[in-house]
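# Observations on chain architecture
Chain by chain, the residues:
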Amino acid sequence: MTQQYMIYARTAELAGKILLESRAESYRVEETARHFLLASGLPVAEVSTNNTGLYLTLADHDNNMIPITMVTRVHNFSNRLGRIYKVNNVSRQLTSGQIDIYQAYDKLVEIDRAEYSEFNKDIANIFLVMSFTMLLGGGLVDILASSLVGTIVMFSRMLHKKLGLNEFIRGSVTTLSIALVAHGIDRLAPGWYSPDLVIIAGLMPLYPGTLVTNGIRDMLKGDYLSGVAFISAALVTAISLAIGVVLGIFIFRGVLR
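In the annotation of an unreviewed UniProt entry, the entry for the protein chain reads Threonine/serine exporter-like N-terminal domain-containing protein, and the organism field reads Falseniella ignava CCUG 37419.

## What about the domain arrangement of the protein chain?
Splitting the protein chain by domain gives domain 1 (1-110) and domain 2 (118-256). A separation of 34 Å is found between the C-alpha centroids of domain 1 and domain 2. Across the contact, 12 residues belong to domain 1 and 12 residues belong to domain 2. Summed over both sides, the interface between domain 1 and domain 2 buries roughly 1000 Å², with carbon and sulfur atoms accounting for 49% of that surface. In terms of surface lost to domain 2, no three residues of domain 1 exceed Arg23, Tyr27 and Asn51, which account for 50% of the buried area on that side. In this structure, the connection of domain 1 to domain 2 is made through 1 salt bridge. Put simply, arginine 217 and glutamate 25 hold a salt bridge, and the shortest N to O gap is 2.6 Å. At the surface where domain 1 touches domain 2, the tally comes to 5 residue pairs in polar contact (both at pLDDT 80 or more).

## Remarks on the pattern of salt bridges
One pass over the structure, following the stated rule, counts 6 salt bridges. Between glutamate 25 and arginine 28 there is a salt bridge, and its shortest N-O distance comes to 2.9 Å. The buried category is assigned to glutamate 25, whose relative accessible area is 5%. For arginine 28, a relative accessible area of 23% gives the class partly exposed. Between glutamate 110 and arginine 113 there is a salt bridge; the shortest N-O distance is 2.9 Å. The partly exposed category is assigned to glutamate 110, whose relative accessible area is 48%.

## Things to note about the UniProt feature "transmembrane region" (unreviewed entry) in the protein chain
The UniProt record marks residues 126-156, 197-216 and 228-252 with the feature "transmembrane region" (unreviewed entry), using the residue numbering of this structure. Segment residues 228-252 splits into 100% helix and 0% strand. End C-alpha atoms: 36 Å apart.

## Remarks on the environment of proline 43
You can see proline 43 is positioned in the loop between helix H2 (26-38) and strand S1 (44-49). Residue proline 43 is classed as partly exposed on the basis of its relative accessible area, which comes to 44%. As a C-alpha pair, proline 43 and histidine 61 span 18 residues in sequence and 7.4 Å in three-dimensional space. Discounting chain neighbours no more than four positions away, the residues touching proline 43 are Ala59, Asp60 and His61.

## Thoughts on helix H9 (residues 209-220)
Across its 12 residues, H9 extends 17 Å between first and last C-alpha, which sits within 8% of the 16 Å expected from 1.5 Å per residue. All buried positions along H9 are accounted for by Leu211, Asn214, Gly215 and Asp218. End-on, the buried residues of H9 take up no more than an arc of 105°, which puts them together on one face. Residue glycine 222 follows H9 closely and has a positive phi angle near 95°.

## Some details on unusual backbone geometry
The backbone of arginine 23 sits at a positive phi, close to 70°, despite the residue not being glycine. Position of arginine 23 among the secondary structure elements: in the loop between helix H1 (6-21) and H2.

## Some details on a nonpolar patch on the surface
A contiguous nonpolar surface patch, about 550 Å² in accessible area, is contributed by Phe168, Ile169, Val173, Leu235, Val236, Ile239 and Ile243. Broken down by secondary-structure element, the contributors of at least two residues to the nonpolar patch are helix H7 (167-188) and helix H10 (224-255). Locating isoleucine 243 in the fold gives a position in helix H10.

What counts and what doesn't
- Residues numbered from 1 in each chain as written.
- Predicted model: local features only at pLDDT ≥ 70, side-chain atom pairs only at ≥ 80, totals over all residues.
- Heavy atoms only, no water.
- Domains from an automatic or database assignment.
- Contact = heavy atoms within 4.5 Å.
- Buried area = accessible area lost by both parts, 1.4 Å probe.
- Salt bridge = Lys/Arg side-chain N within 4 Å of Asp/Glu carboxyl O.
- Polar contact = N/O pair within 3.5 Å; in protein donor to acceptor, adjacent residues only side chain to side chain.
- Buried < 20%, exposed > 50% of the residue type's maximum accessible area, 1.4 Å probe, protein only.
- UniProt positions renumbered as here; feature names shortened; annotations may be inferred.
- Helix = DSSP H or I, 4+ residues; strand = E, 2+ residues; numbered from the N terminus.
- Expected span 1.5 Å × (residues − 1).
- Arc of directions from axis to C-beta.
- Patch = residues over 30% accessible without salt bridge, like charges linked within 9 Å, V, L, I, M, F, W, Y side chains within 5 Å.
- Areas by Shrake-Rupley, 256 points an atom, 1.4 Å probe, with all protein chains shown as cover.

Quick look at the structure:
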């Protein structure tokens, strides 16, 4: 009897994993995964999550059924609002009877596959930094310099993936490199562009804005544990970014001036 309901637990687990990896709010992860579990018709469908793990149980009041309990640890995170929308859409289709649980699982497997290659994401990050430079009022030289800063962000992701660096070390090393390069170019060609503006533009893709937003929303929904966890993670990331920038500026303005 337990085996026939395993597909519901697997589907809920996959949906919750995708949402967590995509930086969805904890209450959204729990509600969506619970919808997949309730599609089984069993009365006991419980889901709990924090910012790094998912815990779910599917059971019946009948003692003849062994409860299904799963624990999933999530390691890779990125802001993917499109994935959140697609998973929620699959949940709505399942609950409305448009698809069955097997079709829902297949759709989630498709969503879980990478939408864009790492190269495309890196190129997008470079253009993102350049766009922020334009938005902040930078000129042509500022934009060209920011493309180099965007390249540093790209290489930091590659280094992070290859060496398995934690987010604190990655943030510090990345922003230190950005500050050194920005002020180094200014030292070679003084007055041609604004290094501070370029540094700010380089920080924008790294800033943990989604974590702060999700933390506040979770706390307002009553999920204080996950809310504090999100805000704590955002605070650690912000501190790492600040340390790298301050150290880079200090080296040029304090040590090498």
